[in-house]
Each structure stands twice: as structure tokens, then as C-alpha cells.
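What follows is the residue order along each chain.
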Amino acid sequence: MDILNALTAFLNFIVVPGLAYGSQLALGALGITLIFGVLRFSNFAHGDTMAFGTAFVILFTWWFQSMGITAGPLPTALLALPFGILATIAMMLATDRVVYRYYRQVRAKPIILVIVSTGVMFVMNGLVRMIIGTSEQNFTDGARMMLNPQDFKTWTGLAEPLAIKTTQAISLAAAVICCALLFWFLQKTRTGKSMRAYSDNEDLALLSGISPERVVMITWIIAGTLATIAGTLYGLDKSYRGVVYFSLLMPMFAAAIVGGLGSPLGAVVGSFIVAFSELIVTSAWKKILGYLAPPEWLGDGLYQALSTDYKVAVSFGILIIVLLFRPQGIYGGK
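Just so we're clear, the structure is a prediction, and the values are computed from it rather than from any experiment. (Residues numbered from 1 in each chain as written. Predicted model: local features only at pLDDT ≥ 70, side-chain atom pairs only at ≥ 80, totals over all residues. Heavy atoms only, no water.)

Phi at Arg40 takes a positive value of approximately 65°, unusual for a residue other than glycine. Looking at where Arg40 falls in the secondary structure, it is placed in the loop between α1 (2-39) and α2 (46-66). Residue class for Arg40 comes out partly exposed when judged on its relative accessible area of 28%. One non-glycine residue, Arg107, adopts positive backbone phi at about 55°. For Arg107, the position within the fold is in the loop between α3 (77-105) and α4 (110-132). Judged by its relative accessible area of 56%, Arg107 falls in the exposed class. (Helix = DSSP H or I, 4+ residues; strand = E, 2+ residues; numbered from the N terminus. Buried < 20%, exposed > 50% of the residue type's maximum accessible area, 1.4 Å probe, protein only.)

Next up on the list: the nonpolar core. Formed by 82 residues in total, the largest nonpolar core has its most connected members in Leu27, Met195, Trp220, Ile222, Tyr240 and Leu248. With 13 residues, the top contributor of residues to this core is helix α9 (residues 212-237). Not counting the four nearest positions on each side in its chain, Trp220 is found in contact with Ile35, Leu39, Phe41, Asn43, Met92, Leu93, Asp96, Tyr100 and Arg104. Counting residues in each nonpolar core, the second largest holds 5 residues, with Val16, Leu147, Leu158 and Leu162 among its members. (Core = buried A, V, L, I, M, F, W, Y, C linked by side-chain atoms within 4.5 Å. Contact = heavy atoms within 4.5 Å.)

This part is about a nonpolar patch on the surface. On the surface, a cluster of nonpolar side chains totalling about 530 Å² of accessible area is made up of Leu59, Trp62, Val123, Leu127, Met130 and Ile131. Going through the elements one at a time, α2 and α4 are the ones with two or more residues in the nonpolar patch. Ranked by the residues each element gives to the nonpolar patch, the list is headed by α4, at 4 residues. Locating Met130 in the fold gives a position in helix α4. (Patch = residues over 30% accessible without salt bridge, like charges linked within 9 Å, V, L, I, M, F, W, Y side chains within 5 Å. Areas by Shrake-Rupley, 256 points an atom, 1.4 Å probe, with all protein chains shown as cover. Salt bridge = Lys/Arg side-chain N within 4 Å of Asp/Glu carboxyl O.)

A word on helix α7 (residues 190-200). Along α7, the residues that are buried comprise Thr191, Gly192, Ser194, Met195, Tyr198 and Ser199. Seen along its axis, α7 keeps its buried residues to an arc of 160°; they face one direction. Opposite its buried face, α7 presents the exposed residues Arg190 and Asp200, each directed more than 90 degrees away. Looking at the buried residues of α7, the elements they touch are α1, α6 (166-188), α8 (202-207) and α9. (Arc of directions from axis to C-beta.)

Structure follows, in C-alpha cells:
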């Protein structure tokens, strides 16, 4: 029974939150790698794009709740999500038309676009502060638990409970659906093939009759959609503060680079590697080890390598190691 209790604790503290967090990072990292692969620059404004889209989802969620419209056991934010996606797409297309388009036309170097995206990041951060403020916003409603820990203990007779939040299950399901749709779109549709051709060789794609403006527009639409979904799921699972989304840039970029920057599949794989690495290093293992070893052997320590305050250090460490020893990533990105 102690082994089963240890396994349940491992699932509860590592596996379940790791799958949820990895799913949220995967959707964000897919947007980053898509922009890099097609538009050829690292978009430092992606974290604040997530915050922007989530802010509008929250506003529409509050509006629906004020009218008594809910999604039953599911979060009302899922009903508001399409409206947040539309607002984010409109903002990204407007930003591209006003800012990025000029630098594409003059064929500016990628580092220039990175600097420009940093300026866009600061503007968007200010917009989010104006729209929804800087305080923490909790917009989760519906059924809190998909698997109640007390029910699990009753069913199994184990001392250790297993809890699965509704938002965690939704995060994993949304990631699977979005990734499947994106891979199908890129591999099977004419537009997706045009995007891949444009990414591989821009000049040859132009000679083949591919419209660059259409490719760019579709790229921003997909990236905005993924960013809003990722930001909303992260806000539902944790809580929403606009400034927190900036800190997600490091794990998302680390995930994209670990998998291979420019590779959608690599972004997904890298996201789960980063998510589980952060949890393994920053989790306190004493409770899990307590089922496997006598208490007097363990002492008073938490068996925690780093505090949760240093989660970003794990992402940074992974990023540095990959850039030093395999900069092309797992799947051979650019």
C-alpha cells in the first residue's frame, strides 16, 4: 500500500500538474515557433499577447455571468473564449499593419524585429494594465474538481488522495485538440503547405505564386488564437495577473528551443520537458519519499532542490545547456 500511496502522491504533485502546465506551455510555444518559422523573428511580445487575450476573455466572462449565462460544470470562460480570440486577432493584425509590415518590406534584420517586438510588448503591457488593472483576477467558475480527492480515497482505500481539477483536464484536452488541428492544417491543407513553403524559401514561394501577405495574416491569426487559448487556460488553472504572463516568456522560449525553434512538434515535446523539469526540481519530495522510507531516515528536510520562486531558473538553465550543446534542438530547428 505504501508504494501505491507514493505513486498516488507522485501523480498528484508531479504528473497531473505537469501535464496541465506542459499543455499550457505547448500552446504558447507553438505560437512562438510558428512566428519564428514563418516570419523569421523571435516575438518577445507573445507573453503579453496572452495577457491581452485573456483580459478580454475575463471581461466577456464577467458580462456573461452578469446576465446569468454559464457553461454549467465547465468554466464560463470557454463561452467567452471566441470573443477574446477575435479581439486578439484584431489587435495582432492591426499591429502587423502599423508596425511589422514596414520592417518586412525593407527586409530588416531579425534582431531589428526582435527589438521592435520588445517595444510592442511594453505597449501591450500598458494596454492590459489600462483594461483590467494589475490586481489578481479569479474568473474560474463551474465544477472545481473533475476527480474529488475524498471520493478517490473512499474508492481506493488509500491514505493519499488524488485530485484532478477541471481546469487541468480542460488544459490537456485543449492542447491535444489544438495540436492535432494545427498539424493537420500545416500538413494537409493548401494554405498550410503554402506557409511551410514560405518558411522554407521565401523567394521560391513567391515565384510559385504564394501570396506573402496572406501567409503573414494566417500566421498572426493562428498565433493569436493559440496565445489566447494558452493564456486563458493558464489563468483558469492558476489565476490571472497581467504581469505574470511576461515571466512565461522564458519557459515558452526554452520549450521552443529545446524542441527545435521553428518545429511545431518540437515545441510540444519541449514544453513537456520544461514543465516536468520545473516541477521535479522545485517540488518537495518528502511526502512521496515518506511512503518509501522510514521517517527517521528522512529527517526534517523537504528534499526540495530549489524553491518554487526559482522555477524560471530551471527554464533558464535548460535553455543555456541546449544552446551550448545542441542549439538546433531535438528536432533540428533553425
